[in-house]
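One-letter residues, chain by chain:
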Amino acid sequence: DAKTTQPPSMDCAEGRAANLPCNHSTISGNEYVYWYRQIHSQGPQYIIHGLKNNETNEMASLIITEDRKSSTLILPHATLRDTAVYYCIVLQYGNKLVFGAGTILRVKS
Amino acid sequence: DAGVIQSPRHEVTEMGQEVTLRCKPISGHNSLFWYRQTMMRGLELLIYFNNNVPIDDSGMPEDRFSAKMPNASFSTLKIQPSEPRDSAVYFCASRSGSRETQYFGPGTRLLVL
């Protein structure tokens, strides 16, 4: 599975959009981009995933560049409860999730 | 839906004791995963099962660790004997198919003194 690169931390003002970037320049054609997050003291939580088209669900939007070498997770209106570690993971269906260090998102009032 | 259930939520034991962690996956899910999380190593996959059969145990640290899944609704992770370096949060996750996402339990916080 391709490796991902994420910034170690980011800050966001409450009510504003949080845009979390992820680089995956070695992604292959059959690998998906997954996002999970882990709120303090809880198990990781699935957010969204996509292959090449942009995706949106009730939690977030995922924007994948046309060359698929990078993506951005967007939380449209961040709240204090969105403070968490966000993991970007690239893998094929059925493969193991491999968690990196992720991005610590701090939402501030 | 109760989600993935883990027990106990907290465990404190002394070095050398046997520790058994338990997991009940979401009903209908056919894959189960055990992870360990520490500050030093982050979140690591230890072992996973498909249809109750262990598929990949390459992450199990050593012979002191063993995992079983006797049926579709129950799995155990056993450490015998336990050591202080085993102190970590252990998560269980389940999935309903290879295309589906994993759902994680709340974790068991293990402290070995």
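Whatever comes next refers back to the structure up there.
In this text, all values refer to a predicted model and were calculated from it rather than measured experimentally.

A. Molecular detail of the pattern of salt bridges. As enumerated under the stated definition, the model contains 12 salt bridges over all chains in all. With a shortest N-O distance of 2.9 Å, Lys96 of chain A and Asp56 of chain B are connected by a salt bridge. With Lys96 of chain A in the loop between strand E8 (84–91) and strand E9 (103–108) and Asp56 of chain B in strand E6 (residues 53–56), this pair bridges two chains. Look at Lys96 of chain A and you get partly exposed, because its relative accessible area is 27%. Linking Arg64 of chain B and Asp86 of chain B is a salt bridge whose minimum nitrogen-to-oxygen distance equals 2.6 Å. Linking Arg64 of chain B in the loop between E6 and strand E7 (65–71) with Asp86 of chain B in the loop between strand E8 (74–79) and strand E9 (88–95), this pair joins segments that are 22 residues apart in sequence.

B. Expanded view of the pairing of E7 of chain B. Residue and element names in this part refer to chain B. Here E7 pairs with E8 via 5 bridges, running antiparallel. From the neighbouring strand, Phe65 faces E8, where its bridge partner is Ile79. With antiparallel pairing between neighbouring strands as the criterion, E7 and E8 make up a hairpin whose turn holds 2 residues.

Thresholds, definitions, all that
Chains are numbered independently. Their residues run from 1 in the order of the written sequence. Note on labels: chains are lettered from A, ligands numbered from 1, in written order. Totals for whole chains, interfaces and linings use every residue, but because this is a predicted model, local features are given only for residues with pLDDT of at least 70 and side-chain atom pairs only at 80 or more, for both listing and counting. With hydrogens and water excluded, all non-hydrogen atoms of the structure serve as input to the side-chain values. Salt bridge, as used here: a side-chain nitrogen of Lys or Arg that lies within 4 Å of a carboxyl oxygen of Asp or Glu. Helical segments are the DSSP runs of H or I of at least four residues, strand segments are the runs of E of at least two, and each set is numbered from the N terminus. Burial classes: relative accessible area under 20% of the type maximum marks a residue as buried, over 50% as exposed, and values in between as partly exposed (1.4 Å probe, protein chains only). At least two bridges found by DSSP between two strands are what make those strands a pair.

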